[in-house]
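Breakdown of the fold
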Amino acid sequence: MAPYIRLRQICLVAPQLEPVITDMARIMGLTVCYRDGNVAKYGLENALLPVDTILLEVVAPFKDGTTAGRFIEKTGGRGGYMAIFCCDDPDECGRNANALGVRTANVIDHAPYHGVQLHPRDCRAAFIEFNHTEGSDDILGAYPPAGPDWQKFIRKDVTQALTAVEMQSPDPQGLAEHWGKIIGVAARDAELKLPNATFRFVKGTSEIMSALEFRVTDAARVLHAAREKGHAVAGNEFLLGGVTFRVS
């Protein structure tokens, strides 16, 4: 396995981009850095918002028969769509996954960007993608899916970091070990600790990416903004884009 692995991007799916993307930006104090026309060939539109150096993406289908549309139908719109990791060698990560019985679903080769997407049924819970941008080993370096100058859109006055991803499963330890083998990170106590985020696996009725956890400057302010946008707030969390946003 390639020794370098970081969480690069979390992709959520919604029936329509609006009002999800606008609510996300306003509640969390984030700014859209890019809308990628390349996803149109998949029948999708998207928008990306940087949360420090991790990109938060929302995709929405604009025609029938898309993978994202089938995902919404299958899940009822609950659960995150894709976890995207940057690494030294996506092909090596893909071969490792294939050896575990996890099929490659798609290879994206747009120099200097190269990505390997794995089959969600084999990954369980969500898509996994590995990618690398040639000549951009800096986490603040070029990342074509987020646009030419995504770094300029980073805001930290409200949301400082995406710290954890929560995954649900009837067998959380089993799913943690499965994802750990795919990603190349040892599962300990149903957690995968990456250098820039933690994946936490908890008991649930189905296998989904269930929640995102954020470090914010003022949790009460964020929760108030969520209520103002009409989202039901319970404790320190609210539902948006199919996942629970949890702030602290």
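Up top you'll find the structure we're talking about.
Because the structure is predicted, anything quoted here is derived from the model rather than measured.

Points about the sheet that holds strand 7 (residues 127-133)
Taken in spatial order, the 7 strands make up an open sheet running 2-3-1-4-7-6-5, and their pairing is mixed. What marks the edges here is a single partner per strand, and that holds for strand 2 (44-51) and strand 5 (104-110). Going across the sheet, the axis of each strand differs from the next one's by a mean of 20 degrees, ignoring polarity. Pairing analysis gives 8 bridges linking strand 2 to strand 3 (residues 54-61), with the strands arranged antiparallel. What sits directly across from Pro50, in strand 3, is Leu55.

What to know about the layout of surface pockets
In this model, the largest pocket occupies a volume close to 1100 Å³. Together, 45 residues line the largest pocket, and Thr67, Tyr81, Met82, Gln117 and Phe127 are the ones closest to its centre.

Comments concerning empty space enclosed by the protein
Take a probe with the size of a water molecule and roll it over the atoms, and the empty space left behind shows itself. All told, the structure shown has 1 cavity of 30 Å³ or more when counted by the stated rule. What the largest cavity holds in volume is close to 110 Å³. Along its surface, the largest cavity is lined by 13 residues, and Arg8, Cys86, His132, Thr133 and Ser136 are the ones closest to its centre. When contributions to the lining of the largest cavity are tallied by element, the ones reaching two or more residues are strand 4 (82-87) and strand 7. The element contributing the most residues to the lining of the largest cavity is strand 7, with 3 residues. Class assignment of the residues belonging to the lining of the largest cavity gives a composition of 6 nonpolar, 4 polar and 3 charged.

Side note on the packing of aromatic side chains
Summed over the entire model, instances satisfying the criterion amount to 9 aromatic pairs. The interplanar angle of 40 degrees and the centroid separation of 5.6 Å between the aromatic rings of Phe85 and Phe199 together place this pair among those described as tilted. One end of the pair, Phe85, is in strand 4; the other, Phe199, is in strand 10 (residues 198-203), with 114 residues separating them in the sequence. With centroids separated by 5.6 Å and ring planes inclined at 25 degrees, the aromatic side chains of Phe238 and Phe245 adopt a geometry described as stacked. Note on Phe238: relative accessible area 2%, which makes it buried. Residue classification places Phe245 among the buried positions, given a relative accessible area of 0%. Put simply, the rings of Phe85, Phe130, Trp179, Phe199 and Phe201 touch in pairs and so form one group of aromatic residues.

Here we look at the sheet that holds strand 8 (residues 159-169)
Read across the sheet, 7 strands follow the order 9-10-8-11-14-13-12 without closing on themselves; strand pairing throughout is mixed. Looking at the sheet topology across the chains shown, the edges are occupied by strand 9 (191-193) and strand 12 (233-234). Pairing of strand 8 with strand 10, which is carried by 6 bridges, proceeds in the parallel orientation. Note that in strand 10 the partner of Gln168 across the bridge is Val202. Relative to strand 13 (residues 237-240), helix 1 (residues 20-28) is tilted by about 155 degrees, and along the sheet it contacts strand 8, strand 11 (208-216), strand 13 and strand 14 (243-247). The strands touched by helix 6 (residues 219-228) are strand 11, strand 12, strand 13 and strand 14; relative to strand 13, the strand with the most contacts, the crossing angle is about 45 degrees.

The rules behind the values
Residues numbered from 1 in each chain as written. Predicted model: local features only at pLDDT ≥ 70, side-chain atom pairs only at ≥ 80, totals over all residues. Heavy atoms only, no water. Pairing = 2+ DSSP bridges. Helix = DSSP H or I, 4+ residues; strand = E, 2+ residues; numbered from the N terminus. Axes fitted to C-alpha atoms, helices over the stretch in contact; angles between N-to-C directions. 1 Å grid on protein atoms, 1.4 Å probe; cavity = no way out; pocket = protein on both sides within 12 Å on 5 of 7 lines; lining within 4 Å. Points joined across faces, edges and corners; volume = space filled by probe spheres on them. Nonpolar A, V, L, I, M, F, W, Y, C, P; charged D, E, K, R; others polar. Phe/Tyr/Trp six-rings, centres within 6.5 Å; stacked < 30°, edge-to-face > 60°. Buried < 20%, exposed > 50% of the residue type's maximum accessible area, 1.4 Å probe, protein only. Contact = heavy atoms within 4.5 Å.

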